[in-house]
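Architecture and fold: a report
Listed below are the residues making up each chain.
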Amino acid sequence: MWKTVIASLLLVTSTPVASAAGPERVPHVVAAHHRGLGDGIGYGQAKAHLCDLAKLFAEFAADPQFRDLERRKVVEAIVAQPPPIGPTRQVRDLFTGYVQGYNRYAARNPGCGARPITEAELYRFNYVAFNEGLFRAYEGIWRSPPKEVKERGSNTIAVGSRGTNGGRGVLLGNPHVPWRGMVSFWHARLTIPGKVDVDGVTVLGMPVVFNGYNRGVAWSATVSTATSYTLTRLKLVDRHTYLVDGKPERMIDRGTHWDTRYGPVSRKIRTNPHLTGDEMTPLPWTDTEAYAVTDLAADRLATLNSAATFLEARTIDDLKAGLDRFGGTVRTNIVAADRRGQALYAGIQVVPDVRADCVVDQEFLGRTGVAIVDGARSVCRAGLLPVDRMPWIASDTYATNSNSSHAFVRADKPLTGFPRVFGDENIANLRTEFGLQEIPRHLGRFDAGVMRKLVLENRNTAAEKYLDSMPCTRAECEILRKWDRRNEVGSVGALLFDQWFEAGGTEKAFDEVVAKLGPKIHQPLGENQYVVRDGRRIPLHGGPGSSGVYNLINMDRQKQEVSDGSSFVFAVEYTDRACPTAYTLMAPARPDLYGAKKWQRGALC
């Protein structure tokens, strides 16, 4: 082991520098307190991703939303408040430390246009990241060039004592995030002796752990179908004046946009739950009506406060208590398993509490999960739904989520009857279908080995379900008849099917895809699905969300990079030993290990 002291209160260690065939190099941050831990996270993230972080911070600093928040000191006012609105002591210390660590590394290693950041700037960065409604309406509020939008997803399975072969908890975490830039991960072991010891990942620019494990509990986050905002329909007197309880109120000209008591006015918004495609819902702004975006997360730091508690959790009860205390996360489910053999699904998150008589478009709510409420009545402004009315389940069998709603956490005991803002209780995606079919087959036998095999089987759910009934009469259809219906590196036919199915699965679509792909239809998947590292082409298994491949890999074909997909894949099995049996694959950092399915032992013990 080599060691580098980077602060008097901090130690970072890692395994030796790895060769192409060697193990992943996992930094270990050891600190005396949360401020030191934040210092190590900031320093370590900068060391591994300085250019990505410098670009992110520069882009946000120039963003009209960011500049407006800075000018009005919106986030500073929230930070000045005590929790649960403002940050907890742990969050404050983590943020102070992160800024110190990041700035120290950037000062010692100038490049990539990196500059010092402030605590206020880091809070704004995180604030914007967790304002889902404003993000979705961004182009309609600030009339700026479109933000880059990427599909969001993840799979996770938690199995309790009755479902495992050892009588304790087992967890599979399979978050799907971009491999570079915004929302990408940094993997590390984080330790405060006697208090914190976690192996997991932090998102760039965020010193909290949404996916990780310790000696008592393992947890993983999935993107939920819940909605954290409403649209408020304004009854206008003129272009910039609206009525509330019969009295006129003037919109506020912020310079970059128009604001109201309900939030900024927007001309369009994305309502697709997982940001797939280019769908935008237009919102009219006429002489008689306009629409404001009311983001329920905009006046608090609920997600940061909740997630910071995970570091010291020992059981699923601790995780649930942290979520309950601070109001949960934003559009994020937490699934967990602990050493006692308990499994958890918690859909505890910031969602609006909407009065039924205030909803002005029931069809829109039913179709999108977004409530449009009557802004002419002040009583119609949505509050926060209490946590005791949110979906969650603790079990000694299992809980799972693959980005369908809470209704599909269990095949045998669906959670139903919750407000539509939590998601559609009738429609499940293909990855969810795969999980709910496979999990019961393995109950009583689950361990880390079963989880590792299940997540990387690369079965193509869409092909298994639909291929035999799809119209295909061309000679090239023989390729699909011989295909193994998996998305392995050597699978011939996977590329053809995935693009055909995504294009609609018709005969016309088949002809168009064959013409577009040309000789590629005869090639193994790995010859077309790969990343390049140090001049070396690394083939990748996995497949797109549209085909329901559990091991999701969505490629950006122009950049030849993973736009969204399996990233920090981890399987954790608790046994009678003090330390869990754990295996990880940090795909973005080591695509060679991921492509070869060479799991690494966890960094915790």
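Summary of the structure given here. (Residues numbered from 1 in each chain as written. Predicted model: local features only at pLDDT ≥ 70, side-chain atom pairs only at ≥ 80, totals over all residues. Heavy atoms only, no water.)

With that out of the way, let us pick up the overall build of the protein chain. Secondary structure summary: the protein chain contains 17 helices and 32 strands in total. By the compact-globule yardstick of 25 Å for 605 residues, the protein chain fits well, its C-alpha radius of gyration being 24 Å. Dimensions of the protein chain along its principal axes, counting C-alpha atoms only, are 70 × 70 × 50 Å. When burial is assessed residue by residue, the protein chain has 60% of its 605 residues classed as buried. (Helix = DSSP H or I, 4+ residues; strand = E, 2+ residues; numbered from the N terminus. Rg over C-alpha atoms; globule rule 2.2 N^0.38 Å. Buried < 20%, exposed > 50% of the residue type's maximum accessible area, 1.4 Å probe, protein only.)

Our focus in this paragraph is the side chain of R590. Among the structural elements, R590 can be located in the loop between β31 (581-586) and α17 (591-595). Side-chain polar atoms of R590 contact the backbone oxygen of P23, separated by 2.9 Å. There is a polar contact of 2.8 Å between the side chain of R590 and the side chain of D592. (Polar contact = N/O pair within 3.5 Å; in protein donor to acceptor, adjacent residues only side chain to side chain.)

This model, assessed by the stated rule, comprises 18 aromatic pairs. On the basis of an interplanar angle of 45° and a centroid distance of 5.2 Å, the ring pair of F434 and Y550 is categorised as tilted. Placement of F434 in helix α11 (residues 430-442) and of Y550 in the loop between β27 (536-539) and β28 (553-556) is noted, with a sequence separation of 116 residues between them. The same class applies to F434 and to Y550, which are both buried. Ring-pair connections join several aromatic residues into one group, and the members of that group are F57, F60, F66, Y102 and F125. Across from the ring centre of W392, 4.0 Å away, lies the NZ or CZ of K320, which sits over that ring. The ring of Y398 carries R410 above its face, with NZ or CZ at 5.1 Å from the centroid. (Phe/Tyr/Trp six-rings, centres within 6.5 Å; stacked < 30°, edge-to-face > 60°. Lys NZ or Arg CZ within 6 Å of the ring centre and 35° of its normal.)

For helix α16 (residues 507-517), the complete set of buried residues consists of A509, F510, V513, V514 and L517. One side of α16 carries all its buried residues, which in axial view fall inside an arc of 135°. In this structure, α16 carries K508, A515 and K516 as exposed residues pointing more than 90 degrees from its buried face. Buried residues along α16 sit in contact with α14 (477-482) and α15 (494-502). Immediately beyond the C-terminal end of α16, within one or two residues, lies G518, with a positive phi of roughly 60°. (Arc of directions from axis to C-beta. Contact = heavy atoms within 4.5 Å.)

Moving on to the packing of helix α1 (residues 34-61) against helix α4 (residues 89-108). The contact between α1 and α4 brings their axes to 6 Å, and the two run at 50°. Here α1 lies oblique to α4, going by the angle between them. As for the relative orientation of α1 and α4, their crossing is right-handed in sense. The residue makeup of the contact of α1 with α4, split by class, is 13 nonpolar, nine polar and six charged. (Axes fitted to C-alpha atoms, helices over the stretch in contact; angles between N-to-C directions. Parallel < 35°, antiparallel > 145°, perpendicular 65-115°, else oblique. Left-handed = near helix turned anticlockwise from the far one by under 90°. Nonpolar A, V, L, I, M, F, W, Y, C, P; charged D, E, K, R; others polar.)

Right, let's get into the pairing of strand β30 (residues 568-573). Side-chain direction in a regular strand flips from residue to residue, so the side chains alternate between the two faces of the sheet. Of all six residues that make up β30, six are buried, and the element is covered over most of its length. Every second residue of β30 is oriented toward a common face, with F568, F570 and V572 on one face and V569, A571 and E573 on the other, all of them buried. Across four bridges, strand β5 (residues 170-177) lies against β30 in antiparallel orientation. When the bridges of β30 are listed, L171 appears paired with V572. (Pairing = 2+ DSSP bridges.)

Turning next to α1. For α1, spanning 28 residues, the distance from its first C-alpha to its last is only 27 Å, which falls clearly below the expected 40 Å at 1.5 Å a residue. Maximal helix bending in α1 amounts to about 105°, located at H49. With 20 of 28 residues buried, α1 lies mostly within the body of the structure. (Expected span 1.5 Å × (residues − 1). Bend = angle between axes of the 7 residues up to and from the residue.)

Positionally, D447 belongs in the loop between α11 and α12 (448-455). At 7.1 Å, R452 is the nearest oppositely charged side chain to D447, a buried residue that forms no salt bridge. Those residues within four positions of D447 in sequence are excluded, and the remaining contacts are N165, V170 and E573. (Lys, Arg positive; Asp, Glu negative; His and termini not counted. Salt bridge = Lys/Arg side-chain N within 4 Å of Asp/Glu carboxyl O.)

Our next topic: the sheet that holds strand β15 (residues 263-264). Taken in spatial order, the three strands of this open sheet run β13-β14-β15, and their pairing is antiparallel. Pairing within the sheet leaves two strands with one partner each, and these edge strands are β13 (252-253) and β15. Direction of pairing for β13 relative to strand β14 (residues 258-260): antiparallel, over a ladder of two bridges. Residue pairing for β14: D253 is matched across the bridge by W258.

Next up on the list: the state of the cysteines. Tallied over the entire structure, the rule returns four disulfides. Between C51 and C112 runs a disulfide, and the two sulfur atoms are separated by 1.7 Å. Taken as a pair, C51 in helix α1 and C112 in the loop between α4 and α5 (119-129) lie far apart in primary sequence, 61 residues in all. For C112, a relative accessible area of 44% translates into the label partly exposed. Taken in sequence order, the bonded cysteines of the protein chain link in the pattern 1-2, 3-4, 5-6, 7-8. (Disulfide = S-S within 2.5 Å.)

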